Amino acid sequence: MAKATKGKTATKKTTKAATKATPKKSSKSELATGYTIEEQMCVALAREFGPNDRIALSGVLNWTFVAEALAQKMNAPQIPCHHDYSRLGGNGCLTEGPRFPFQVGNPPEEYPSAQVTSEDIFALVLGGKWNIMMQPLQVDKQGNANLALIGNPKKPDRYFVGSRGLPDNSTNSGKTYFTLPTHLKRNFPEKVDFRSSAGWGPERKAGDIPYGAIEKVFTPLCIFDIDPKTKQMRLASVHKGVTVNQVLKNTGFKPIVPKNVPQTCVPTKEELRLLREVIDGAAIRRLDHGTAEEKKAVFDQISDGTKFTQIYPDRK
Amino acid sequence: MAVNKQMTVDQVVKQIKNGDTIVIGGWGLVRKPMGIVRAIAQSNLKDLTIIALAGMDLDMLVAAGKVKKAITGFVAFEGGEGRAVAYDNARKNGKIEYMELSEYMLIAGLKAASERIPFYPTRSGLGTDILAANPEIKTFKAPYTGEKLVAMPALRADVALIHANKASQEGYATIDGDRLWDHIMIRAADKVFVSAEEIVPRYELQKEMDKIKVLTPWVTGVVEMPNGARPGTLFPNYLDAGNRTIKAYMDAALDPKTFKKYLAEQTSK
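Residues numbered from 1 in each chain as written. Chains lettered and ligands numbered in written order. Predicted model: local features only at pLDDT ≥ 70, side-chain atom pairs only at ≥ 80, totals over all residues. Heavy atoms only, no water.

A.B. asks: An account of the overall build of chain A is needed here, citing residue identities and associated values.
C.D. replies: From N to C terminus, chain A includes ten helices and 13 strands. Taking all 316 residues of chain A together, the buried fraction comes to 52%. Considering only contacts within chain A whose residues lie at least 6 apart along the sequence, 66% involve residues at least 24 apart. Roughly 14400 Å² of accessible area belongs to chain A as shown, and the carbon and sulfur atoms make up 53% of that amount. (Helix = DSSP H or I, 4+ residues; strand = E, 2+ residues; numbered from the N terminus. Buried < 20%, exposed > 50% of the residue type's maximum accessible area, 1.4 Å probe, protein only. Contact = heavy atoms within 4.5 Å. Areas by Shrake-Rupley, 256 points an atom, 1.4 Å probe, with all protein chains shown as cover.)

Written as structure tokens, this is what we have:
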């Protein structure tokens, strides 16, 4: 946020600067060095949200909650962050400006701004206001996703949890994203075992499903989007240090690969400062993809009681 | 004079018949009427159809061999640690009939039933294998715009079971947190039984009128059932799912003998 300034000229100047797209100040738009893949992913996802978005739901991964908190600090200060059940015993709640660490879906008691019911949630879904990050088991070439089961639907090798809200989101919601904690061949088959989420199959191509189409898929290796011509999954960018071949070797289908695959966006110094110093000092963003030792280091930091007031400076 | 609708859990079970369709309130492990569910699991009832956003409720009834068909939006121990081992096992071995929907398709079916209309229009399910797996669910073209929509068939139930924080003998009940979809579920059933942590006089409930989410015209009977949603959660009474109890359940669920013993132990507690 721009600092309050005295005098007419100064105010005018600030307003002009603030109307520009992020980053707001040239010093802040300076690109960072020494960032991690998780930070790249947080920034890439956060930049998906802007002033026209009403609300976003982060699903179950830690880094997506951090990304959403970053979006709140950057281009979409109006979106509340939704947290599910747990401490609230089945009550969703909305929070503004969360700072971590806290277990995702389990904000400290003083954090929630309001409780949210299942009916509120589905009203937002059905009204197209709900932007959502989902974690399916499989995503295929057409952008269909499966959360239901593994194997033959009639006699599955394993029933997982069913389709849950994926069929609802993929036909009704605002922007939808998949965020997968792993990038293995089995996560990205030619065809999913069960279409829980409607991708770019014949029904959407025919114009029968106007809403809820998948925008992007975030993995620990890359970002996929949908090729506008073929409506198939396209390799949009690879994260720092990841090669195109590495992605192809770990993907069960053959995505559309443009001649030049760019690197996933580089965070600005300001984005990195917000991530590291303001939103996520304990680095819970690393919990989803890190090694066991990295995770332990994060947990040790979280369990250190002195960190709590440091992370929540506005709380006593 | 109001009628006293308070009854025992055995009286509730007596009002359920073999082959009945039962819709169960709550969500995952959240605010499930587990006390009544355990009583059904130990009864002689059979061939039940269960409609639920399911967790241990459905799984326990499957483990007890009570379920002919499950109609679900999901089956997961959401809100605690563990998974639906009995349902997974029944699906793997083809031992159960099922209609696996999305969350909203299930609600849409209940909405249709509650309004006595044959189907509810929705986009949910378009372009998914839910329609392929359930050919009885048809699509149609909207008469005004020609848009393709799913005609989710009405899901009518004989019995609805829900759990509440407090209830009065007259059949009013409070729900402190998210009422989830219980208000739709009770309207889609012929008989409605509400278990509550405590039964209190009507004038006590009046003090928290804004929390009364269940009205007496819908209610057949109320049962006092302290800890009635355990090992799941109830806001604000108990918010941590009993993960040790859930593990004990999962360890017992797949062996009929062990499971019988487990149920007996749970009920005597």
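Here the narrative resumes.
A.B. asks: Account for the interface of chain A and chain B, with residues named and values stated.
C.D. replies: Between chain A and chain B, the contact holds 42 residues from the first and 41 residues from the second. At the surface where chain A touches chain B, the tally comes to five salt bridges. Two residues, R179(B) and E119(A), come together in a salt bridge whose shortest N-O distance is 2.9 Å. At the boundary of chain A and chain B, one finds 19 residue pairs in polar contact (both at pLDDT 80 or more). Contributions of two or more residues to the side of chain A that touches chain B are made by β4 (114-116), α4 (118-126), β9 (155-159) and α5 (166-172) of chain A. In terms of residue count, the dominant contributor to the side of chain A that touches chain B is β9(A) (five residues). Split into classes, the residues belonging to the side of chain A that touches chain B amount to 17 nonpolar, 13 polar and twelve charged. (Salt bridge = Lys/Arg side-chain N within 4 Å of Asp/Glu carboxyl O. Polar contact = N/O pair within 3.5 Å; in protein donor to acceptor, adjacent residues only side chain to side chain. Nonpolar A, V, L, I, M, F, W, Y, C, P; charged D, E, K, R; others polar.)

A.B. asks: Let's hear about the sheet that holds strand β7 (residues 148-153) of chain B: which residues, and what values?
C.D. replies: Residues and elements named next belong to chain B. Reading across from one edge, β5-β7-β6 is the order of the three strands in this open sheet, with antiparallel pairing throughout. Each of the sheet's edge strands pairs with one partner strand only, and the pair in question is β5 (119-122) and β6 (138-141). Between one strand axis and the next, the sheet turns through 40 degrees on average, direction left out of account. Strand direction decides the pairing type here: β5 and β7, joined by four bridges, are antiparallel. (Pairing = 2+ DSSP bridges. Axes fitted to C-alpha atoms, helices over the stretch in contact; angles between N-to-C directions.)

A.B. asks: Residue-level account of the sheet that holds strand β3 (residues 92-95) of chain A, with values.
C.D. replies: Residue and element names in this part refer to chain A. If you walk across this open sheet you meet the nine strands as β4-β3-β2-β1-β5-β10-β11-β12-β13, and the pairing is mixed. A single partner strand is all that each edge strand has here, and the edge strands are β4 and β13 (233-238). Geometrically, the sheet is characterised by an average inter-axis angle of 25 degrees between neighbouring strands, direction not taken into account. Bridge count for strand β1 (residues 55-57) against strand β5 (residues 130-134) is three bridges, and the pairing is parallel. Each residue of the ladder has a partner; that of L57, found in β5, is I132. Relative to the sheet, helix α2 (residues 37-46) contacts β5, β10 (176-179), β11 (214-218) and β12 (222-226), its axis offset from that of β11 by approximately 170 degrees. Docked against the sheet, helix α3 (residues 62-73) engages β1, β2 (81-83), β3, β5, β10 and β11, running at close to 150 degrees with respect to β2.

All we've got here are geometric facts, nothing functional implied.
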